[in-house]
Amino acid sequence: LESNTSCAAKKQIKQLTERHLFLNTGTMRFSLFSTAALALLNSYSTCGFTTPIQQQQQQLSRTRSTALNAGSNANEINPMKKGSSVALITPMTPTGDIDIPGLQKLLQYHLENETDNLCILGTTGEASVMTMDEREKVLTTAVDMVKGKIPILVGTGTINPQSVKAMTQQAIDLGCDANLVVSPYYVKPPQRGLVNHFLTMADMGLPVVIYNIPGRAGIDVLDENIALCAEHENVIGLKDATGDLSRVTSLRKLVGDDFLLYSGDDGSSLDFVQLGGDGCISVTANCAPKQMHDIMMSGIRGDMEEAEAVNEKLKLLHQNLFIEGNPIPAKWAMKRMGFIDSAFCRPPLVELDPKFEGDVEEALRIAGLLPESR
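The paragraphs below set out a description of the structure included in this document.

Scoring rules and cut-offs
Residues numbered from 1 in each chain as written. Predicted model: local features only at pLDDT ≥ 70, side-chain atom pairs only at ≥ 80, totals over all residues. Heavy atoms only, no water. Helix = DSSP H or I, 4+ residues; strand = E, 2+ residues; numbered from the N terminus. Areas by Shrake-Rupley, 256 points an atom, 1.4 Å probe, with all protein chains shown as cover. Patch = residues over 30% accessible without salt bridge, like charges linked within 9 Å, V, L, I, M, F, W, Y side chains within 5 Å. Salt bridge = Lys/Arg side-chain N within 4 Å of Asp/Glu carboxyl O. Lys, Arg positive; Asp, Glu negative; His and termini not counted. Charge placed at Lys NZ, Arg CZ, Asp CG, Glu CD. Buried < 20%, exposed > 50% of the residue type's maximum accessible area, 1.4 Å probe, protein only. Contact = heavy atoms within 4.5 Å. Pairing = 2+ DSSP bridges. Axes fitted to C-alpha atoms, helices over the stretch in contact; angles between N-to-C directions. Expected span 1.5 Å × (residues − 1). Polar contact = N/O pair within 3.5 Å; in protein donor to acceptor, adjacent residues only side chain to side chain.

Here we take up the overall build of the chain. When helices and strands are counted, the chain shows 16 helices and ten strands. Per element, the accessible surface of the chain, about 16700 Å² overall, is 51% carbon and sulfur.

This is the structure:
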């Protein structure tokens, strides 16, 4: 084989054999050839090419070097925590520019109110209508203010894997701690495609939280495939927005105790934790960070009486923050509370319909979040 196989053929052999895929009862599994086989493949580098593994190692080496130069602590990964993760809004001026002073004010609010993790540039942060330069401004501001104090989880998911890689690389370079990768939406990839997508991003080296939201993505990541992804050392957790609480117990059995399970639904997040979850990624936490932290931590400790007492005052807020498309009501609420100057949302979103302002205000009042209701 060594003497009779051309370089072109060897390249083809390598591409087919370095990481091969096979189906087993609908579940995708990955397998690497033995050390001896890899040694043979690596010997092909004399043909003038590098293996995918070598390319990946080179990329990771460049990543570490870049991240190390981005700041004194940019190369330090702060582990994600159990508890309340705020799905942070991105404040904007009335003309639609990123409001950096407003963002700094929000970050300080979460530092002071025990938010456990910061989830930025997700759907709530309107990341889908931001440029890479704007993302850099937001991430740099967050890293400068909270790095090492609150773990920074950044949304990097979209349809095109190359775009996901570019946003993930940016997050690595700027010193973020983990990335939230949603199922590629609208295109409905098969389960094996979803597994490949998540593992490809995990191979980049930044811890990954899978985001399963069938209602928006149009595809549900099956539990057994979440468990398969969890075998990768960099796949550390799941944001579950399926609304199916029955899956929490079965998922926990599949992924073990160290894998983080976050609820993506404020209204049922306490029930999610009671069934074995580790916390939530919360829109409500924009307005009520201390309360959401207390609810989650009480639930995790098993003090359900205390958790339910606090949660009772937030139930209407959980509901009314989704009275129109997220983050429209959340931005109006934060403006009403005095934390941001404008409730501007970038098109195709718009500001809250005035007919719903009373509903959101009533929820804030019941929660004790308006000055006159405290």
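Here we come to a negative patch on the surface. A cluster of acidic residues, Asp271, Asp303, Glu305, Glu306 and Glu308, forms a negative patch at the surface. At three residues, the largest contribution of residues to the negative patch is made by helix 13 (residues 304–312). Tracing the sequence through the fold places aspartate 271 in helix 11 (residues 269–274). When its relative accessible area of 36% is taken as the criterion, aspartate 271 is described as partly exposed.

Moving on: the side chain of serine 84. Assignment of secondary structure puts serine 84 in strand 3 (residues 83–87). Residue classification places serine 84 among the buried positions, given a relative accessible area of 0%. Excluding residues within four positions of it along the chain, serine 84 makes contact with Thr115, Asp116, Asn117, Cys280, Ala285, Met292, His293 and Met296.

The strands making up a sheet are joined through hydrogen bonds of the backbone, oriented either antiparallel or parallel. Judged by pairing direction, the barrel is parallel, and its eight strands sit side by side in the order 3-4-5-6-7-8-9-10 before closing back on the first. Each neighbouring strand pair of the sheet contributes to a mean axis angle of 25°, computed without reference to strand direction. The pairing of strand 3 with strand 10 (residues 279–282) spans four bridges and is parallel. From the neighbouring strand, serine 84 faces strand 10, where its bridge partner is cysteine 280.

Applying the stated criterion across every chain, the model contains twelve salt bridges. Note that aspartate 177 is salt-bridged to lysine 147, the shortest N-O span being 2.7 Å. Here aspartate 177 is found in the loop between helix 6 (161–174) and strand 6 (178–182), whereas its partner lysine 147 is found in the loop between helix 5 (132–146) and strand 5 (152–155), with 30 residues between them in sequence. Accessibility classification places aspartate 177 together with lysine 147 in one group, the buried group. Notably, a salt bridge pairs arginine 365 with glutamate 362, separated by 2.7 Å at the nearest N-O pair. With arginine 365 and glutamate 362 both in helix 16 (residues 357–366) and three residues apart, this pair spans about one turn of that helix.

On to helix 6, then. Here helix 6 spans 20 Å end to end across 14 residues, near enough to the 20 Å set by a 1.5 Å rise per residue. The N-cap of helix 6, judged by a side-chain oxygen 3.0 Å from the amide nitrogen of glutamine 162 a few residues on, is asparagine 160. Glycine 175 occupies a position one or two residues after helix 6 and carries a positive phi of about 100°.

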